[in-house]
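# Close look at the chain arrangement
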Amino acid sequence: MFQAVAYVSRGLFRSYAGLSVRMNSTGIDQKGVLANRVAVVTGATDGIGFAIARRLARDGAHVVVSSRKQHNVDRAVAALQGEGLSVTGTVCHVGKAEDRERLVATVLEHYGGLDFLVCNAAVNPLVRSTLQASEEVWDKILDVNVKSPALLLSQLLPHMENRGMGAVILVSSIAAYIPHVELGPYNVSKTALLGLTRTLSLELAPKGIRVNCLVPGIIKTNFSKVVRTGVCPPFPSWAQ
Ligand code: NAP
């Protein structure tokens, strides 16, 4: 499923295999390299986020999945628990402060802290030229795609620091390097994540927390339908 290009701030961090997503392994290993680690993945009930959550859990981590819709969370948790994986879930629209607080509370209630955060959730409401984007569209994209990873990390950071190490992955896009025409604000948001990664990696390195960026190419998911088919998702799905 993954055709990813990884952007990594090389040289700033010690080598550590903890959060690598192994693409070719299919074996479930509850005592794997991530045994006793706790991972939080946003936008984890479908597509890339779901695949990351499954991989982390198969490598032995306890994983907290989340997304906006309870039925999606229930379905993802049931599917992963059905594979014998250690997974729990909660609703978290990453753009909503109360939902982020609930996610933090869920993590603390179940595991008392975390080691890995994967900020995967994103929106792309506009398929039009950049200068046709309304203020509402700009706010939505920047809130969900750029601000929410930083805000969620700020809420979770104390509970990562306690554990003496940690790793954060921000999911950007190939659109950060090769802009998709008509997805202007989305391209900009994904470019901003490269800057956020560099900045946070410097800020958090002294605390033993690595910050890296995953830069996927086009992956066949619901999200990429707009790029692959040119059909924009219906308004309500992105407006939530
Ligand atoms: P996807 O298959 O559509 O899955 C999106 C997931 O995010 C779902 O679980 C969805 O569940 C959840 N979600 C959507 N909005 C959310 C929000 N505001 N808060 C929390 N969860 C939310 O998408 P995908 O293709 O896997 O994309 C995942 C990430 O990869 C995104 O950051 C995207 O920019 C990036 N990416 C994708 C591609 C690609 O070709 N697919 C390429 C480059 C980068 P709910 O509906 O229940 O919220």
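These lines cover the structure that appears in this document, whether it is placed above or below.

Rules used throughout
Every chain's residues receive numbers from 1 upward, in the order its sequence appears when written. Whole-chain, interface and lining totals are the exception, using all residues; otherwise, since this is a predicted model, local features are given only for residues with pLDDT of at least 70 and side-chain atom pairs are given and counted only at 80 or more. Here the side-chain values reflect all heavy atoms present in the structure, with hydrogen atoms and water set aside. Only protein chains enter the accessibility calculation, which uses a 1.4 Å probe; a residue is then buried when its area is under 20% of its type maximum, exposed when over 50%, and partly exposed in between. Only DSSP runs of H or I with at least four residues qualify as helices, and only runs of E with at least two residues qualify as strands; both kinds are numbered from the N terminus onward. Pairing between strands is defined by DSSP: at least two bridges between them are needed. We define proximity as follows: a residue is near a molecule or strand when any one of its heavy atoms falls within 4 Å of that partner. Polar contacts, as counted here, are pairs of nitrogen or oxygen atoms within 3.5 Å of one another; within protein the pair requires one atom able to donate a hydrogen and one able to accept it, and residues that are adjacent in sequence qualify only if both atoms are side-chain atoms. Working definition of accessibility: Shrake-Rupley area with a 1.4 Å probe, residue cover restricted to the visible protein chains. The classification used treats Ala, Val, Leu, Ile, Met, Phe, Trp, Tyr, Cys and Pro as nonpolar, Asp, Glu, Lys and Arg as charged, and all other residues, Gly among them, as polar. Between Lys or Arg on one side and Asp or Glu on the other, a salt bridge is scored when a side-chain nitrogen of the former is within 4 Å of a carboxyl oxygen of the latter.

### Some remarks on the pairing of strand E6 (residues 166-171)
With respect to burial, E6 is a largely interior element, 6 of its 6 residues being buried. Because side chains alternate across E6, one face comprises the buried residues Gly166, Val168 and Leu170, and the other comprises Ala167, Ile169 and Val171, equally buried. Sheet topology places strand E5 (residues 116-119) next to E6; 4 bridges connect them, and they run parallel. Each residue of the ladder has a partner; that of Val118, found in E6, is Ile169. For E6 and strand E7 (residues 209-216), the ladder comprises 6 bridges, and the chain directions are parallel.

### A word on the site of the ligand
Around the ligand, a shell composed of 30 residues is seen, among which Thr45, Ser67, Asn120, Tyr186 and Thr221 lie nearest. Separating an oxygen atom of the ligand from a side-chain N or O atom of Thr221 is a distance of 2.4 Å. In isolation the ligand offers 890 Å² of accessible surface; the protein chains occlude 94% of this area. Elements that contribute at least two residues to the shell around the ligand include exactly helix H1 (47-58) and helix H5 (184-204). By residue class, the composition of the shell around the ligand is 13 nonpolar, 13 polar and 4 charged.

### Some details on the pattern of salt bridges
For the coordinates displayed, the defined rule picks out 8 salt bridges. One salt bridge connects Arg163 with Asp115, and the closest N-O pair in it is separated by 3.0 Å. Placement of Arg163 in the loop between helix H4 (135-161) and E6 and of Asp115 in the loop between helix H3 (97-111) and E5 is noted, with a sequence separation of 48 residues between them. For Asp115, a relative accessible area of 1% gives the class buried. For Glu161, the salt bridge is made with Lys207, and the minimal N-O distance between the two is 3.3 Å. Of this pair, Glu161 sits in helix H4 while Lys207 sits in the loop between H5 and E7, placing them 46 residues apart in sequence. With a relative accessible area of 37%, Lys207 lands in the partly exposed category. Each of the salt bridges in this network shares a partner with another, and the network as a whole consists of Arg37, Asp115 and Arg163.

Function cannot be read off these values alone, since they describe shape.
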